[in-house]
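Survey of secondary and tertiary structure
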Amino acid sequence: MHSVNICDLAILLIEPSNTQLKVILQHLLNEGVANIEGVVSGKDAINSLQHHRPDLIISSLYLPDMTAIELIGQIKHDESLSQIPFMLISSESSFQILDAIRQAGVVAILPKPFAHQDLKNALRATIEYIDPQEIDLEHYDIRNVRVLVVDDSNLARKHICRVLNNMGIQQITQAVDGQKGAELFARDQDAFDLIVTDLNMPIMDGQAMIQYIRKDLDNAIIPILMVTSEDNETRLSNVYKAGVSGICDKPFDPQTVKEMLFRVFEAD
């Protein structure tokens with residue numbers, strides 16, 4: 001059981017629209033969250049973060065002085081702030097723009113307007129980050145599970161590794177693209193129990209790496225989870241055909257990953 005509840009969360013809310021601010025505040029109050037500081041700009045947010053550290057940052061995409069992409073870049077490159085979970089609430093629908101946020105490792109991206117249950121789920125995901133619970137597997141000691149993480153985004157790799165660490169997985173090897181991942185795995189196929197990979201990468205993408213592992217190396221055993229923001233159904237269908245064990249959306253939701261790991265490791 002978690003020792004931290006949703007109502008215990010301290011939240012920094014960045015929203016320039018007074019109307020939207022009131023809407024989001026009401027949703028948070030309905031969940032029992034009372035410790036909320038509201039600011040209207042990126043600069044105000046950075047100033048606030050110098051004085052106190054919230055459990056969660058919730059931000060609109062377009063702020064008067066910067067975008068949330070620029071803000072999260074500043075936060076992630078500040079060692080004292082980089083671990084604070086970040087949630088985006090935006091009406092933006094551009095895949096390219098939202099993908100930059102996804103790659104940065106946010107806990108959730110909610111549309112405007114959003115369903116209350118989606119906010120509740122995102123707050124629960126935040127709890128998983130700040131009060132992590134180790135996954136309890138019947139047939140495996142989670143501390144002995146060896147994982148290969150393959151992603152060309154340094155921020156995305158850090159985020160995935162943190163989620164895995166929080167579950168109790170400590171033995172993690174990283175690769176910066178599919179080719180490096182394929183080379184590491186081919187060198188010693190018994191060195192890993194699980195591969196977690198992105199789809200869209202330079203040199204060799206995730207699908208090509210999976211095909212190499214399944215066909216060229218003739219390995220049908222190693223579980224491969226794909227973490228991707230890709231929403232093209234044809235591409236995702238081809239990834240399943242290549243032999244992926246499961247696909248998880250970015251943002252990398254801890255509860256979804258736990259459920260996938262149970263399916264992968266505890267299957268009869």
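Here goes a summary of the coordinates provided. Everything numeric here is computed off the predicted structure, so don't read it as measured data.

1. As for the nonpolar core
Judged by nonpolar contacts, the single largest core of 43 residues is most densely connected at Ile-11, Leu-28, Ile-58, Met-87, Leu-123, Val-147 and Leu-261. Top contributing element to this core by residue count: helix 5 (residues 116-130), with five residues. Leave out the neighbours within four places in its chain, and Met-87 touches Leu-56, Ile-57, Ile-58, Ser-59, Val-107, Ala-108, Leu-110, Leu-119, Ala-122 and Leu-123.

2. So, the pattern of salt bridges
Under the defined criterion, the tally for this structure stands at seven salt bridges. With its nearest N and O atoms 3.0 Å apart, the salt bridge here joins Glu-15 to Lys-112. Of this pair, Glu-15 sits in the loop between strand 1 (10-14) and helix 1 (18-30) while Lys-112 sits in the loop between strand 5 (108-111) and helix 5; the two residues are 97 residues apart in sequence, bridging distant segments of the chain. Relative accessible area serves as the criterion here: at 2%, Glu-15 is assigned to the buried category. Its salt-bridge partner being Arg-146, residue Asp-193 comes within 3.0 Å of it at the nearest N-O pair. With Asp-193 in the loop between helix 7 (178-187) and strand 8 (194-197) and Arg-146 in strand 6 (residues 146-150), this residue pair connects regions lying 47 residues apart in the sequence. Ionic contacts of the salt-bridge type, sharing partners, join the residues Asp-151, Asp-198 and Lys-250 into one network.

3. Quick notes on the packing of helix 7 against helix 8 (residues 206-216)
Relative to each other, helix 7 and helix 8 sit at 20°, their axes nearing to 9 Å. With respect to helix 8, the element helix 7 is oriented roughly parallel. Considering only the axes of helix 7 and helix 8, their crossing is right-handed. Here Gly-178, Gly-181, Ala-182, Phe-185 and Ala-186 of helix 7 lie close against helix 8, whose contacting residues are Met-209, Tyr-212 and Ile-213. Split by residue class, the contact of helix 7 with helix 8 holds six nonpolar, two polar and no charged.

So, how was this worked out
- Residues numbered from 1 in each chain as written.
- Predicted model: local features only at pLDDT ≥ 70, side-chain atom pairs only at ≥ 80, totals over all residues.
- Heavy atoms only, no water.
- Core = buried A, V, L, I, M, F, W, Y, C linked by side-chain atoms within 4.5 Å.
- Buried < 20%, exposed > 50% of the residue type's maximum accessible area, 1.4 Å probe, protein only.
- Helix = DSSP H or I, 4+ residues; strand = E, 2+ residues; numbered from the N terminus.
- Contact = heavy atoms within 4.5 Å.
- Salt bridge = Lys/Arg side-chain N within 4 Å of Asp/Glu carboxyl O.
- Axes fitted to C-alpha atoms, helices over the stretch in contact; angles between N-to-C directions.
- Parallel < 35°, antiparallel > 145°, perpendicular 65-115°, else oblique.
- Left-handed = near helix turned anticlockwise from the far one by under 90°.
- Nonpolar A, V, L, I, M, F, W, Y, C, P; charged D, E, K, R; others polar.

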